[in-house]
Amino acid sequence: MSNKTEFELAKKYIPGGVNSPVRAFGSVGGEPVMIARGEGTYLIDVEGKKYLDFIQSWGPLIHGHCDKDIENAITNALKNGTSYGAPSLNETALAKLMCEKFSCVDKIRFVSSGTEATMSAIRVARGYAKKDGLIKFEGCYHGHSDALLVKAGSGATTYGNASSAGVPQNAVKDTHLAIYNDIKSVEEIFKNHQIGVVIIEPIAGNMGLVPAKREFLKALRKICDENNAVLILDEVMSGFRASEIGALKFYDITPDLITFGKVIGGGLNVAAFGGKAQIMDVLSPNGAVYQAGTLSGNPLAMAAGIAALNKITPEIYVKLESLAKRLMSGFKEAANAVKIPLQTEVRGSMFGFFFNEKEVLNYDDALKSDTKMYAKFHNQMLKRGVYLAPSQFETGFICTAMGENEIDFAVNCAKEAFLEIKNG
Ligand SMILES: *Cc1c(COP(=O)(O)O)cnc(C)c1O
């Protein structure tokens with residue numbers, strides 16, 4: 001069995017051979033490896049080659065692959081049936097756990113993907129604010145629902161242009177694009193439009209890792225208050241990744257709604273949105289905003305989520321962050337030693353780096369990064385058994401199964417990789 005023949009077969013039956021586009025390695029070239037299984041910090045491909053995994057399923061696996069506690073929780077739940085379509089105890093348990101961790105979340109509803117969470121949160125926010133106007137930020141990703149599939153158009157205050165074919169112009173006509181970390185671009189939109197909702201990744205992880213500036217988020221909260229707009233923090237990635245309370249550890253603001261996903265499912269399909277009771281109560285059956293899901297609150301997924309969150313403590317982020325910093329300073333030193341500029345960033349278990357001479361504050365800055373260099377680096381690292389995101393514009397993840405040895409292995413690979421790039 002080889003990666004190449006198996007991927008060819010996948011392409012025969014699945015568009016591009018993948019069920020999510022970035023997996024196809026389009027922006028780094030080469031063939032994707034076909035995964036046979038995961039094991040702690042490693043992915044193992046169908047040829048038996050092992051990779052140190054810095055993607056961890058794009059965030060969910062904060063405890064690594066095949067965590068025993070999560071595995072046990074799922075097998076135990078499995079014996080009681082895989083889906084009920086009726087309320088069950090673990091839904092309340094996970095909801096309670098999350099509401100207790102996030103003081104700004106009074107009530108929460110579970111869905112099956114981050115896409116659903118943000119789409120539903122926006123519907124609730126619009127239903128509450130009774131204004132359709134929506135602000136999102138260039139470079140922020142909130143899943144692939146129509147109204148949110150808009151990125152860098154022709155500038156901050158223009159109407160959104162859909163960044164995908166098949167999205168009707170009408171679906172994005174109320175979506176306004178602002179510039180990340182630039183409050184003036186937000187003020188400009190508020191001046192000219194009725195805005196009911198602002199959605200933002202407080203720690204942007206989908207244009208590479210770009211945290212919001214503190215003053216910026218504070219000003220965003222203020223302008224939402226002044227205009228009766230609902231502020232949604234999209235923490236599908238950063239929640240339980242940046243810290244045990246997501247971005248709120250780093251910012252002194254209170255959102256109206258938060259969206260969650262990834263880590264809260266322990267590797268199964270769970271996402272959620274929650275927030276102030278008076279807003280959440282506009283949801284059906286209490287209120288007039290409709291939202292539903294056949295597999296929402298699925299018992300296997302709830303059990304996995306509870307097991308994952310029960311292992312979350314503030315202390316694990318101290319370790320994860322120190323490992324992330326060790327990795328990033330190692331990469332930076334290795335790059336700088338051969339005169340390649342590298343910008344690095346860490347928030348808890350999240351890390352990111354740009355081949356860029358300047359600090360990256362927004363999407364335009366990110367786009368100025370050297371993607372060809374990233375592709376070369378990615379290829380070199382993969383060859384050496386280190387699995388990094390197949391795109392410059394993604395975030396990397398550390399898991400609790402990692403230790404200094406794994407980080408030092410990756411840093412050594414980076415040293416060799418940069419030398420080979422420079423000499424090759
Ligand atoms: C991953 C992600 C989503 C989408 O979640 P899916 O489960 O892939 O639909 C939404 N928002 C953010 C910030 C994300 O990182």
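The rules behind the values
Residues numbered from 1 in each chain as written. Predicted model: local features only at pLDDT ≥ 70, side-chain atom pairs only at ≥ 80, totals over all residues. Heavy atoms only, no water. UniProt positions renumbered as here; feature names shortened; annotations may be inferred. Helix = DSSP H or I, 4+ residues; strand = E, 2+ residues; numbered from the N terminus. Rg over C-alpha atoms; globule rule 2.2 N^0.38 Å. Buried < 20%, exposed > 50% of the residue type's maximum accessible area, 1.4 Å probe, protein only. Contact = heavy atoms within 4.5 Å. Areas by Shrake-Rupley, 256 points an atom, 1.4 Å probe, with all protein chains shown as cover. Lys, Arg positive; Asp, Glu negative; His and termini not counted. Charge placed at Lys NZ, Arg CZ, Asp CG, Glu CD. Salt bridge = Lys/Arg side-chain N within 4 Å of Asp/Glu carboxyl O. Expected span 1.5 Å × (residues − 1). Pairing = 2+ DSSP bridges. Core = buried A, V, L, I, M, F, W, Y, C linked by side-chain atoms within 4.5 Å. Domains from an automatic or database assignment. Near = heavy atom within 4 Å. Polar contact = N/O pair within 3.5 Å; in protein donor to acceptor, adjacent residues only side chain to side chain. Buried area = accessible area lost by both parts, 1.4 Å probe. Nonpolar A, V, L, I, M, F, W, Y, C, P; charged D, E, K, R; others polar. 1 Å grid on protein atoms, 1.4 Å probe; cavity = no way out; pocket = protein on both sides within 12 Å on 5 of 7 lines; lining within 4 Å. Points joined across faces, edges and corners; volume = space filled by probe spheres on them.

- As annotated in an unreviewed UniProt entry, the chain carries the name Glutamate-1-semialdehyde 2,1-aminomutase and is attributed to Campylobacter gastrosuis.
- Comment text from UniProt for the chain, heading Catalytic activity (unreviewed entry), reads "(S)-4-amino-5-oxopentanoate = 5-aminolevulinate".

**Considering the overall build of the chain**
Right, on to step 1. Check the secondary structure of the chain and you find 12 helices and 16 strands.
Right, on to step 2. Computed over the C-alpha atoms, the radius of gyration of the chain is 21 Å, within 12% of the 22 Å expected from 2.2 N^0.38 for a compact globule of 424 residues.
Right, on to step 3. Referenced to the eigenvectors of the C-alpha coordinate spread, the extents of the chain come out at roughly 60 × 55 × 45 Å.
Right, on to step 4. Burial analysis of the chain (424 residues in total) assigns 55% to the buried set.
Right, on to step 5. Nonlocal contacts in the chain, meaning residues at least 24 apart in sequence, comprise 72% of its contacts between residues at least 6 apart.
Right, on to step 6. Within the structure as shown, the chain displays about 18200 Å² of accessible surface, and the carbon and sulfur contribution to it stands at 51%.
Right, on to step 7. Distance between charge centres in the chain, computed from 46 positive and 46 negative side chains, equals 1 Å.

**Structural notes on the pattern of salt bridges**
Right, on to step 1. Scanning the model with the defined rule gives 24 salt bridges in all.
Right, on to step 2. A salt bridge links glutamate 39 to lysine 50; the nearest nitrogen and oxygen atoms lie 4.0 Å apart. Note that glutamate 39 is positioned in strand 1 (residues 35-39) and lysine 50 in strand 3 (residues 50-53), a separation of 11 residues in sequence.
Right, on to step 3. Assessed through its relative accessible area of 35%, glutamate 39 is described here as partly exposed.
Right, on to step 4. If you follow the salt bridges from partner to partner, you end up with Arg221, Asp225, Asp256 and Lys276 in one network.

**Section: helix 6 (residues 214-226)**
Right, on to step 1. Compared with the 18 Å implied by 1.5 Å per residue over 13 residues, the 19 Å span of helix 6 between its first and last C-alpha is a close match.
Right, on to step 2. Where helix 6 is buried, its residues meet strand 5 (133-137), helix 5 (183-192), strand 7 (195-200) and strand 10 (230-234).

**A look at the sheet that holds strand 16 (residues 396-397)**
Right, on to step 1. Read from one edge to the other, the open sheet built from 3 strands follows the order 13-14-16, with strand pairing classed as antiparallel. Only two strands of the sheet have a single partner each, and these edge strands are strand 13 (343-347) and strand 16.
Right, on to step 2. Of the pairings in the sheet, the one linking strand 13 to strand 14 (residues 350-354) comprises 5 bridges and is antiparallel in character. The partner of arginine 347 across the bridge, within strand 14, is methionine 350.

**Brief notes about the UniProt feature "modified residue: N6-(pyridoxal phosphate)lysine" (unreviewed entry) in the chain**
Right, on to step 1. Sites flagged by UniProt as "modified residue: N6-(pyridoxal phosphate)lysine" (unreviewed entry) map to Lys262.
Right, on to step 2. When you line up the elements, lysine 262 lands in the loop between strand 11 (257-260) and strand 12 (271-275).
Right, on to step 3. Given a relative accessible area of 25%, lysine 262 falls into the partly exposed group.

**Considerations on the nonpolar core**
Right, on to step 1. Ranked by size, the top nonpolar core spans 109 residues in total, and within it Phe54, Phe137 and Phe377 carry the most contacts.
Right, on to step 2. The dominant element in this core, judged by the number of residues it contributes, is helix 9 (residues 314-337), at 10 residues.
Right, on to step 3. Built from parts of two domains, this core gets at least three residues from each of domain 1 (3-66 + 313-423) and domain 2 (68-310).
Right, on to step 4. Leave out the neighbours within four places in its chain, and phenylalanine 377 touches Phe331, Phe353, Phe355, Leu388, Ala414, Ala417, Phe418 and Ile421.
Right, on to step 5. Membership of the second largest hydrophobic core comes to 21 residues, among which are Val111, Val124, Phe273 and Val289.

**Re the site of the ligand**
Right, on to step 1. All residues adjacent to the ligand are Ser113, Gly114, Thr115, Tyr141, His142, Gly143, Glu201, Asn206, Asp234, Val236, Met237 and Lys262.
Right, on to step 2. Here glycine 114 contributes a backbone N or O atom positioned 2.8 Å from an oxygen atom of the ligand.
Right, on to step 3. In this structure, lysine 262 approaches the ligand through a side-chain N or O atom, which is 2.7 Å from an oxygen atom.
Right, on to step 4. Summarising the interface, the protein chains cover 82% of the accessible area of the ligand, which totals 380 Å² for the free molecule.

**Structural notes on unusual backbone geometry**
Peptide bonds are trans in most cases, and residues, glycine excluded, mostly fall at negative phi.
Right, on to step 1. Of note, the bond from serine 284 into proline 285 is cis; its omega dihedral lies within 30 degrees of zero at 15°.
Right, on to step 2. You can see proline 285 is positioned in the loop between helix 7 (277-280) and helix 8 (299-310).
Right, on to step 3. With phi around 45°, lysine 262 is a residue other than glycine that occupies positive phi space.

**Regarding the domain arrangement of the chain**
Right, on to step 1. Splitting the chain by domain gives domain 1 (3-66 + 313-423) and domain 2 (68-310).
Right, on to step 2. At the junction of the two partners, domain 1 supplies 33 residues and domain 2 supplies 33 residues.
Right, on to step 3. Around 2600 Å² of area is buried between domain 1 and domain 2 when both sides are counted, 62% of it from carbon and sulfur atoms.
Right, on to step 4. By the criterion of area lost to domain 2, the three top residues of domain 1 are Arg347, Met350 and Tyr363, representing 26% of everything that side buries.
Right, on to step 5. One salt bridge in this structure joins glutamate 359 and lysine 213, with 3.4 Å as the shortest N-O distance.
Right, on to step 6. For the pair domain 1 and domain 2, the interface holds 10 residue pairs in polar contact (both at pLDDT 80 or more).
Right, on to step 7. Counting only elements with at least two residues in the side of domain 1 that touches domain 2, the list comes to helix 9, strand 13, strand 14 and helix 10 (363-367).
Right, on to step 8. A per-element tally of the side of domain 1 that touches domain 2 places strand 14 first, with 4 residues.
Right, on to step 9. When its residues are assigned to classes, the side of domain 1 that touches domain 2 shows 18 nonpolar, 10 polar and 5 charged.

**Re empty space enclosed by the protein**
Right, on to step 1. Counting across every chain of the model gives 1 cavity of 30 Å³ or more.
Right, on to step 2. Each pocket or cavity is described by its volume, and for the largest cavity that value is around 80 Å³.
Right, on to step 3. What lines the largest cavity is Phe54, Phe351, Gly352, Phe353, Tyr374, Leu388, Ala389, Ser391, Gln392, Glu394, Thr395 and Gly396.
Right, on to step 4. The dominant element in the lining of the largest cavity, judged by the number of residues it contributes, is strand 14, at 3 residues.

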